[in-house]
Amino acid sequence: MDAKIEKLQQAVNESNYIVFFGGAGVSTESGIPDFRSQDGLYSQKYKYPPETIVSHSFFMYRTDEFYDFYRDKMIFADAEPNAAHKKLAELEKAGKLKAVITQNIDGLHQKAGSREVLELHGSTLRNYCMDCGKRYDGLDIITGTTGIPKCSCGGTVRPDVVLYEEGLDGDVIRRSVEHISKADMLIIGGTSLVVYPAAGFIDYFRGKHLVVINMSETSRDGAADIVIKGKIGEVLSQIRAE
């Protein structure tokens, strides 16, 4: 066993309150592109920059164009959990992992079996009417329609995701900070840690083991006692959850 993997296994073995903080890199092995990678959405060409299209202002004033992009580039109905999602669910079932805090909106952690999942940026699997508040779970209201999806009341249905210019959910923030502050081990995986305020939650960690697993360097590498450069699924699949 690789020395770093062995050290990670030892840390997992002696920890009882593990929290995982993850980003887009967790889902790339499921075929969902990372916004900021070389081949990600930010490096592709559109009439407007992706950051503009997924902003609150753009959604409100160019709703039809928002949904063209959203259906084409942000819905992955056929995506399945990969080794990382499955191992985290396994660690939770074993009583080791207490929470997954994710910046992703694909719902794959829940699909893999994780229960305590805090979605900082919402989920494509939840939608609601902006007029009457009616909820539409799943993707049918989006993928089963064209143009702007409408509620039975006639109102516009929007995805329950956090767009640029919008704030994070206060309860999700509170619970995330609470879990991180209680953790004896924090695993940061598949995230460049450049999106704030989410990345700032790491500052609340006071535990023993800080682990970073990512393909590229992050701002927390220097503070971590274990840094592994690699695909999160390949790394976590080597860890036993006993």
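Residues numbered from 1 in each chain as written. Predicted model: local features only at pLDDT ≥ 70, side-chain atom pairs only at ≥ 80, totals over all residues. Heavy atoms only, no water.

Caption draft 1: Layout of the sheet that holds strand β4 (residues 122-129). Strand order across the open sheet formed by three strands is β5-β4-β6, with antiparallel pairing between neighbours. What marks the edges here is a single partner per strand, and that holds for β5 (135-137) and β6 (157-161). Taken pair by pair, the neighbouring strands of this sheet meet at an average axis angle of 35°, ignoring direction. Relative to β5, β4 runs antiparallel, the two sharing three bridges. The residue bridging asparagine 127 from the neighbouring strand is tyrosine 136, located in β5. Contacts between helix α4 (residues 63-73) and the sheet are confined to β4 and β6, with β6 contributing the most and set at about 50° to the helix. (Pairing = 2+ DSSP bridges. Helix = DSSP H or I, 4+ residues; strand = E, 2+ residues; numbered from the N terminus. Axes fitted to C-alpha atoms, helices over the stretch in contact; angles between N-to-C directions. Contact = heavy atoms within 4.5 Å.)

Caption draft 2: Highlighting the nonpolar core. Formed by 24 residues in total, the largest nonpolar core has its most connected members in Leu8, Phe20, Met185 and Ile213. Sorting the residues of this core by element identifies α1 (3-13), β1 (18-22), α5 (83-93), β2 (97-102), β7 (185-189), β8 (209-214), β9 (226-229) and α9 (232-236) as the ones contributing at least two each. With four residues, the top contributor of residues to this core is α1. Excluding its chain neighbours within four sequence positions, the residues that come into contact with phenylalanine 20 are Val26, Leu88, Leu97, Ala99, Val100, Ile101, Ile187, Gly189 and Ile232. In this structure, Leu186, Ala198, Ala199 and Val212 belong to the second largest nonpolar core, which totals 23 residues. (Core = buried A, V, L, I, M, F, W, Y, C linked by side-chain atoms within 4.5 Å. Buried < 20%, exposed > 50% of the residue type's maximum accessible area, 1.4 Å probe, protein only.)

Caption draft 3: Examining the sheet that holds β2 more closely. Read across the sheet, six strands follow the order β3-β2-β1-β7-β8-β9 without closing on themselves; strand pairing throughout is parallel. In the strand order of this sheet, the two ends are held by β3 (117-119) and β9, each with one partner. Strand-to-strand twist in this sheet, taken as the mean axis angle between neighbours without regard to direction, amounts to 15°. Across four bridges, β8 lies against β9 in parallel orientation. From the neighbouring strand, isoleucine 213 faces β9, where its bridge partner is isoleucine 228. Packed onto the sheet, α1 meets β1, β7, β8 and β9 and runs at close to 130° relative to β9.

Caption draft 4: Looking closely at the pairing of β6. Among the five residues that make up β6, four are buried, leaving the element largely enclosed by the rest of the structure. Summarising the sheet, β4 and β6 pair through five bridges and their orientation is antiparallel. Bridge pairing in β6 places serine 123 opposite aspartate 160.

Caption draft 5: A look at the environment of lysine 231. Relative to the helices and strands, lysine 231 resides in the loop between β9 and α9. Accessibility expressed as a relative area gives 41% for lysine 231, which makes it partly exposed. Note: C-alpha distance between lysine 231 and valine 26 (205 residues apart in sequence) is 8.1 Å. With residues near it in sequence (within four places) discarded, lysine 231 still touches Glu29 and Met215.

Caption draft 6: View of the pairing of β7. Of all five residues that make up β7, five are buried, and the element is covered over most of its length. Burial along β7 is two-sided: the face carrying Met185, Ile187 and Gly189 and the face carrying Leu186 and Ile188 are both buried. One ladder, built from five bridges, connects β1 with β7; its direction is parallel. Counterpart to phenylalanine 20 in the pairing with β7 is isoleucine 187. Examined bridge by bridge, β7 and β8 share five bridges and lie parallel to one another. Across the sheet, isoleucine 187 pairs through a bridge with valine 211, a residue of β8.

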